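Survey of secondary and tertiary structure
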Amino acid sequence: MKQVMNGDFAASYGAMSALVKYVAAYPITPQTLVVEKLSELVADGEMDAVFSKVESEHSAMAACIGAEAAGIRTFTATSSQGLLLMCEVLHWAARGRLPIVLANVNRAVAPGWSIWADAQDSISQRDTGWMQVYAEDNQEVYDSIIMAYKIAESPDVLLPMMINLDAFFLSHTSEVVDLIDKKDIEKFLPPYEPKFKLNPSEPHAFNALTSPDHYFELTYKMHLAMEKAKKRITEVGVEFEKMFGRRYGLTESYRIEDADTVLVTFGTIAGTAKETVDLLRKEGKKVGNLKIRVFRPFPQEEVCEALKNAKKVIVVDRDYSYGFEGAFFTEVKSALYNKGVMKPLYGMMAGIGGRDVSTGTLKEIVAKAEGEDPKNPYFIGVKL
Amino acid sequence: MIEIRLHGRGGQGAVKAAEILAKAAFYDGKVVQSFPFFGVERRGAPVQAFTRISDEKIRIHSYIYEPDVLVVLDPTLIGAEGVNILEGLRSGGKVIVNSTKEPSAFDFHGKNGVTVYTVDATAIAVKNKLGSESAPIVNTAIVGAIAKVTGLVTIDSVKKAIFDTIPRNKEANAVAAEDTFKNVK
């Protein structure tokens, strides 16, 4: 059933549709509406789950870890400083191999105090062992949360997944979202039945002291699980498309077959980039867009395949690894090098701290890369 | 794709007006998007809200810089310091102003193909007891005028969107929208 709703509500309905049984969350702008909506859905009896009010994001994730370890499907949502406060337990969830799903509203990190869109929060949690998806619109937020459980709970994956949505550009933007009927969800998403769980009648010990003799192998197994996850994300995407008609993969190519210049984008900027590609094509410029939907595991094979014919590649980052460059730029370069693909690459910083990225901004970015070589990374539109 | 930018002051309900307009267009079978200017809102401060209406998927996620339609909930914003209401308005654009004046009273009426329409949404909101007399909430009323002037949405869908969005006094809000629909000049 189609409804007009904002991104926070799309995330909330995603959790409800995915038959989540436990939510622990702490409100933070611009994620607050998720907490409000989920507590309302649970209180009204529309959602058959327990909602725990907690005193911090660290506690929210800790509570989710407890419930998930007991074999319950859990969900939480946060943003910015809240995600950073979770950092310790994010590692715990991942290395504990607990397939928790978290919606993170991408918001800038303070100071300067900011509530606006920026991926610094999730990018700085890159190495926590969480899978990371970046959604382009509210439908993708909703669909991604449903798919996330099927992927994360796969016995050969068992890793948590973070679904990221841009602050305000999705969280507070109302769009049409097609909600899936419960009976169809039940056909798509089986109940969560972990092989091992906390159970008083069948006691196990979890996460004990691990000597160097074993820790190394635990890390190696997470590497294998991440590799497997790439396959599962693709398979689940295909299955989802068959049932519900919407297609999602690790990446999404738009008009790249004959493109001389390819923009590499993520989040809402990817949608605006597709619009920009059409505008530039009308001007006779052969431009395409590669949307990176999944950042971890990083889809290096798909990225290299998509970029193989491009003469120039421009990576747009709404995040920054201080002292180097944008994180997506680093990953794209590294993936191409791993596969022996060499070509001119430009790292463009845009949209930081919620600065609007319009079709005009993206046209400026393409023009900059077509002109004399800009210094990498190039901060587009800096006002000093 | 039609792009509509709404200008108001914090407390008048510009953001809800954009949302009601989007929902109404959705009920009429369109693809829609609506969002506020992401500022820190204060009562009385200038605010903006945006609505996109299209027959196809809306991919763009940025502010509206070249609107087809402008809606002004508070006429004191016209010419106010630091606010350029008309910025980016497309030639042939439509401007709907909540005002007691005639459209010809605005000097940009008829220039560059721009047409001004006026309606006293404030009086209509007061008559229907929406908000207080000193701070009437004109958002639902103005959407009726948008429906009439642009033909983008039907008044029935506007009323349905009001019933689905406004938590109380639904009937009075719907009556106000119908009133501006009939009386916009």
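Residues numbered from 1 in each chain as written. Chains lettered and ligands numbered in written order. Predicted model: local features only at pLDDT ≥ 70, side-chain atom pairs only at ≥ 80, totals over all residues. Heavy atoms only, no water.

**Re the overall build of chain A**
A tally of regular secondary structure across chain A gives 13 helices and 15 strands. For 384 residues, the compact-globule formula gives about 21 Å, and the C-alpha radius of gyration of chain A, at 20 Å, lands near that figure. Looking at the 384 residues of chain A, the share that counts as buried comes to 59%. A sequence separation of at least 24 residues applies to 81% of the contacts in chain A between residues at least 6 apart. Carbon together with sulfur atoms contributes 55% to the accessible area of chain A, which is approximately 15,800 Å² in total. (Helix = DSSP H or I, 4+ residues; strand = E, 2+ residues; numbered from the N terminus. Rg over C-alpha atoms; globule rule 2.2 N^0.38 Å. Buried < 20%, exposed > 50% of the residue type's maximum accessible area, 1.4 Å probe, protein only. Contact = heavy atoms within 4.5 Å. Areas by Shrake-Rupley, 256 points an atom, 1.4 Å probe, with all protein chains shown as cover.)

**Looking at the sheet that holds strand 5 (residues 101–106) of chain A**
All names here are of chain A. One open sheet accounts for seven strands, arranged 3-2-4-5-7-6-12; its pairing is mixed. Lying at the two open borders of the sheet, with one neighbouring strand each, are strand 3 (50–53) and strand 12 (294–296). Across the sheet, the axes of successive neighbouring strands diverge by a mean angle of 20°, strand direction being ignored. Inspection of the sheet shows strand 6 (residues 131–134) paired to strand 7 (residues 161–166) by four bridges, in the parallel sense. Each residue of the ladder has a partner; that of Tyr134, found in strand 7, is Asn164. Along the sheet face, helix 3 (residues 57–69) touches strand 2 (22–25), strand 4 (74–79) and strand 5 and points at about 165° away from the line of strand 4. (Pairing = 2+ DSSP bridges. Axes fitted to C-alpha atoms, helices over the stretch in contact; angles between N-to-C directions.)

**Topic: the packing of aromatic side chains**
Residues and elements named next belong to chain B. Evaluated as defined, the whole model comprises 19 aromatic pairs over all chains. Considering the side-chain rings of Phe26 and Tyr27, the 5.7 Å spacing of their centres and the 50° angle between planes classify their relative orientation as tilted. Taking the relative accessible area as the measure of exposure, Phe26 reaches 16% and is therefore buried. In this structure Tyr27 comes out as partly exposed when scored by relative accessible area, which is 28%. (Phe/Tyr/Trp six-rings, centres within 6.5 Å; stacked < 30°, edge-to-face > 60°.)

**Re the sheet that holds strand 15 (residues 378–379) of chain A**
Residues and elements named next belong to chain A. Pairing is mixed across the open sheet formed by six strands, whose spatial order is 9-11-10-13-14-15. The open sheet has two edge strands with one neighbour each: strand 9 (251–254) and strand 15. In the sheet, strand 10 (residues 261–265) pairs with strand 13 (residues 312–317) via four bridges, with the strands oriented parallel. Bridge pairing in strand 13 links Thr261 to Lys312. Of the strands in this sheet, strand 9, strand 10, strand 11 (287–292) and strand 13 are in contact with helix 10 (residues 268–282), which crosses strand 11 at around 170°.

**Quick notes on the interface of chain B and chain A**
Facing the 18 residues of chain B at the interface are 25 residues of chain A. Taken together, both faces of the contact between chain B and chain A bury some 1,900 Å²; the carbon and sulfur share is 59%. When the buried area of chain B at its contact with chain A is split by residue, B:Phe38, B:Arg59 and B:His61 rank highest and sum to 43% of it. Linking chain B to chain A there are three salt bridges. (Buried area = accessible area lost by both parts, 1.4 Å probe. Salt bridge = Lys/Arg side-chain N within 4 Å of Asp/Glu carboxyl O.)

**Thoughts on the pairing of strand 4 of chain A**
Residues and elements named next belong to chain A. Extensive coverage of strand 4 is indicated by the burial of six of its six residues. Here strand 2 pairs with strand 4 via two bridges, running parallel. Among the inter-strand pairings, Val23 is bridged to a residue of strand 4, identified as Phe75.

**Here's the deal with the domain arrangement of chain A**
Residue and element names in this part refer to chain A. On domain assignment, one finds that chain A holds domain 1 (2–244) and domain 2 (251–379). Computed over C-alpha atoms, the centres of domain 1 and domain 2 are 27 Å apart. The interface of domain 1 with domain 2 comprises 26 residues on the first partner and 30 residues on the second. At the boundary of domain 1 with domain 2, the tally comes to seven salt bridges. Arg126 serves as the salt-bridge partner of Glu331, at 3.6 Å between the closest nitrogen and oxygen. Only helix 6 (120–123), strand 6, helix 7 (138–152) and helix 9 (212–244) provide two or more residues apiece to the side of domain 1 that touches domain 2. (Domains from an automatic or database assignment.)

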